[in-house]
Amino acid sequence: MGDRVRVRWGVITWFLLVSAASLAASSLASGRLAPGSEVVLGDDLEIALIVHPHEGDAWTRLAKRVTGDASSWKSLADRSHLTGSLKTSDQVRVPFSMLKPDLQRQVVQALFPSDRVTPEGWIHHVAGGDGDSEGEPLWKIAEWFTGDGANYSSIREANSMKRLSTRRGDTLLIPRSILGAAFAAAEVEKSVSRPLRKISENAVAVVASHTHEEDNAVFPEAVETFSTALEYHKEGDRPYAVYKLRKGEALYSSVIIRFTGRLFPKDVTDAVEEVVKFNGFGDVFRIPAGYSVKIPMEMLAAEYRPWDDPQRVERERSKRESARLAKRVEARNLKGVYIVLDPGHGGRDVGTEHGGVWESSYVYDVVCRLRKVLEENSAAKVFITTRSKGGSYEIQDRDVLKNVTDHTVLTTPAYDLEDPVVGVNLRWYLANSILKRARKRGVRPEKVVFISLHADSLHPSVRGTMAYIPGERYIHGTFSRTGAIYLARSEVRDDPVVSQSHEDALRASGASTELAESIIGSIKDADLKVHPFNPIRDNVVRDGSEWVPAVIRYNRIPARLLLEICNLGNSEDRRLIQTRTYRQSLAQAIYRGLVDFYDGREEGGSGGVVSGR
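An account of the accompanying structure is given in this report. Treat the numbers as computed from the prediction; the structure is a model and nothing was measured.

Moving on: the environment of Pro137. Tracing the backbone through its elements, the reader meets Pro137 in the loop between β6 (121–125) and α5 (138–146). For the pair Pro137 and Tyr152, spaced 15 residues apart in sequence, the C-alpha to C-alpha distance is 9.0 Å.

In this section: empty space enclosed by the protein. A full pass over the atoms with the stated rule returns two cavities of 30 Å³ or more. Space inside the second largest cavity adds up to approximately 60 Å³.

The subject of this paragraph is the sheet that holds strand β17 (residues 415–416). Taken together, three strands build an open sheet; the order of strands is β15-β16-β17 and the sheet is antiparallel. Among the strands making up the open sheet, the edge pair consists of β15 (386–388) and β17. In terms of strand pairing, strand β16 (residues 407–409) meets β17 through two bridges, oriented antiparallel. Its bridge partner lying in β17, Thr408 is registered against Asp416. Most of the contacts of helix α14 (residues 420–440) go to β16, to which it runs at about 50 degrees, and overall it touches β15, β16 and β17.

Given a rise of 1.5 Å per residue, 24 residues ought to cover 34 Å, and the 34 Å separating the end C-alpha atoms of helix α18 (residues 502–525) matches this to within 8%. The element α18 is extensively covered by neighbouring structure, given that 18 of its 24 residues are classed as buried. Taken from the residues just after α18, Asp527 is the one with a positive phi, measuring 60 degrees.

Our next topic: the nonpolar core. Where a protein is soluble and globular, its nonpolar side chains tend to be buried together. Within the largest apolar cluster, 61 residues are counted, with the highest numbers of intra-cluster contacts made by Leu230, Leu251, Val255, Phe259 and Ile295. Of all the elements, α14 adds the most residues to this core, at nine residues. If sequence neighbours within four positions are ignored, Leu251 has contacts with Ile256, Val272, Val275, Val276, Phe281, Val284, Ile287 and Val293. Membership of the second largest hydrophobic core comes to 54 residues, among which are Ala331, Ile469, Ile577 and Ala589.

Right, let's talk about the packing of α18 against helix α21 (residues 580–597) for a bit. Contact pair α18 / α21: the axes reach a minimum separation of 8 Å and the direction vectors enclose 135 degrees. By the angle between their directions, the pair α18 and α21 is classed as oblique. The interaxial crossing formed by α18 with α21 has right-handed handedness. Of α21, the residues touching α18 (which contributes Ala511, Glu514, Leu515, Ser518, Ile519, Ser522 and Ile523) are Ala589, Ile590, Arg592, Gly593, Leu594, Asp596 and Phe597. A class-by-class count of the residues in the contact of α18 with α21 yields eight nonpolar, three polar and three charged.

Time to look at the environment of Val492. Of note, Val492 is situated in helix α17 (residues 490–494). For Val492, a relative accessible area of 0% gives the class buried. Considered as a pair, Val492 and Ser480 are twelve residues apart in the sequence and their alpha carbons are 9.0 Å apart. Beyond its immediate stretch of four places on either side in the chain, Val492 contacts Leu426, Tyr429, Arg481, Tyr486 and Leu487.

So, on to the sheet that holds strand β5 (residues 116–118). Spatially, the three strands line up as an open sheet ordered β5-β6-β7, and their pairing is antiparallel. Because the sheet does not close on itself, it has two edges, and the strands there are β5 and β7 (171–175). Taking each pair of neighbouring strands and ignoring which way they run, the sheet shows an average axis angle of 30 degrees. Here β5 runs beside β6; their pairing, made up of three bridges, is antiparallel. Across the sheet, Arg116 pairs through a bridge with Ile123, a residue of β6. Strands β6 and β7 of the sheet are contacted by α5, whose axis makes an angle of about 45 degrees with β7.

Rules of the game
- Residues numbered from 1 in each chain as written.
- Predicted model: local features only at pLDDT ≥ 70, side-chain atom pairs only at ≥ 80, totals over all residues.
- Heavy atoms only, no water.
- Helix = DSSP H or I, 4+ residues; strand = E, 2+ residues; numbered from the N terminus.
- 1 Å grid on protein atoms, 1.4 Å probe; cavity = no way out; pocket = protein on both sides within 12 Å on 5 of 7 lines; lining within 4 Å.
- Points joined across faces, edges and corners; volume = space filled by probe spheres on them.
- Pairing = 2+ DSSP bridges.
- Contact = heavy atoms within 4.5 Å.
- Axes fitted to C-alpha atoms, helices over the stretch in contact; angles between N-to-C directions.
- Expected span 1.5 Å × (residues − 1).
- Buried < 20%, exposed > 50% of the residue type's maximum accessible area, 1.4 Å probe, protein only.
- Core = buried A, V, L, I, M, F, W, Y, C linked by side-chain atoms within 4.5 Å.
- Parallel < 35°, antiparallel > 145°, perpendicular 65-115°, else oblique.
- Left-handed = near helix turned anticlockwise from the far one by under 90°.
- Nonpolar A, V, L, I, M, F, W, Y, C, P; charged D, E, K, R; others polar.

Structure below.
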């Protein structure tokens, strides 16, 4: 193959459908790699470029040539298990994430020769899978093209995807706004989008004749790149990030709530005071547009920290592992699926209360509506953890609801909701018991889901639905409850101790993320309000602590979430939840999200508005 790049495949059978020779030729169409270089795709879907040193190469020179940063040589040496001076026979392994943008682009073109760029963004043609099995995971696609696997939700939204997996032959748009530097440049549009068949043999020969040195790209590097909202400054005793306020943005909502993860009123107020002090602001209400607000690095949520920050690195690693371990099944019309619905609070515990609006009453009504929608439109088996002794699951056909305090947890025997802590613990024991019975009947754990519905009490600027999932670092380990009030219930006696391994926790985090993405996406599709900044979170941040609610922390059902359907601390959310139309719309959107989670297929394929009161 001469100077052409070679492509070496790992044990990924679904990639064998692509000709290595054609991939090698395509890399010449979009740029040139060094002679003898190999693109390696491992069985973990990690891409790397194997390069051979030039005669007399120094580590720093090679590192500068392939990564753009001479100081990265030590990392390359460690990854390649090489010591001492370089030899031309050495093979230096360069991870995709470390490659210069032009080399990243060339490598991707080698793997996916049909890909192209348009003014709207990068068009990726899924090459993996055999029609029945999954193609390239959305997480990996986002990681390759944007630099952050968490952007998979933006890709899914841009393509109106109902399924959470890809299939061979799918065509995806990665929006220009989230593309990494390798793919966002305007110059790429003319070159990469040219069909390979239009490139002459002479052109290929000219490309191949440029063999080394640092000008190894045929096309100029990106000049128009997507930059993050934050700039980082690591010097000094207290490193910080900078965010430039835009017109109409407020410090508390656009900076504190967005970047620190704080949502509760006192936490937001305390954080605002800290940032005001750090910046030396005079009047916080007169900060002009374009002002560079400094945020102490330790206040940032992990996902907004620099790429090399240990918390950010660990978070990304955990999300990759969770996505890899999550198991998916399909269920047409939710056939064979067990859905456990948990109305938050109840009985004497009304939850949060604003202006006479009780959380317990309104989330119970949404659960009743969702139960009715599921039973009338799907083949799912529905379980509810609590019940009102007076009205059962009857839907109140009115906007403003009557408040009731007679809810019981449906353990054996039932528990009248007197103590909220006991009530919460009995709910997850009950959920675990339902899962155990389902498995005895041959139901796969992946066909059981758990949703606990709540209404939050947050800073009044926050609006919309949010979902909490069990972050893996919070849930592995062993836990149990003792005492007469617990041991009186058969669900506790049958399985008193919860034990979850690290792998169990990772798998639950991945499955729960996908469930949350599907439901939050469906709520967005219904034009219902969703929290604008990170509506899916793997922990609660409050009073300086991070934790996961017990009802999903000790729950063994793999796909589980706590859904905050609105913020009762916000007047508009509070007004909407007091309308039966909005509550019904929420129930229908959650139903639609569940159908989408199991591959978006309903009996008859109507896809229209489902019935419900």
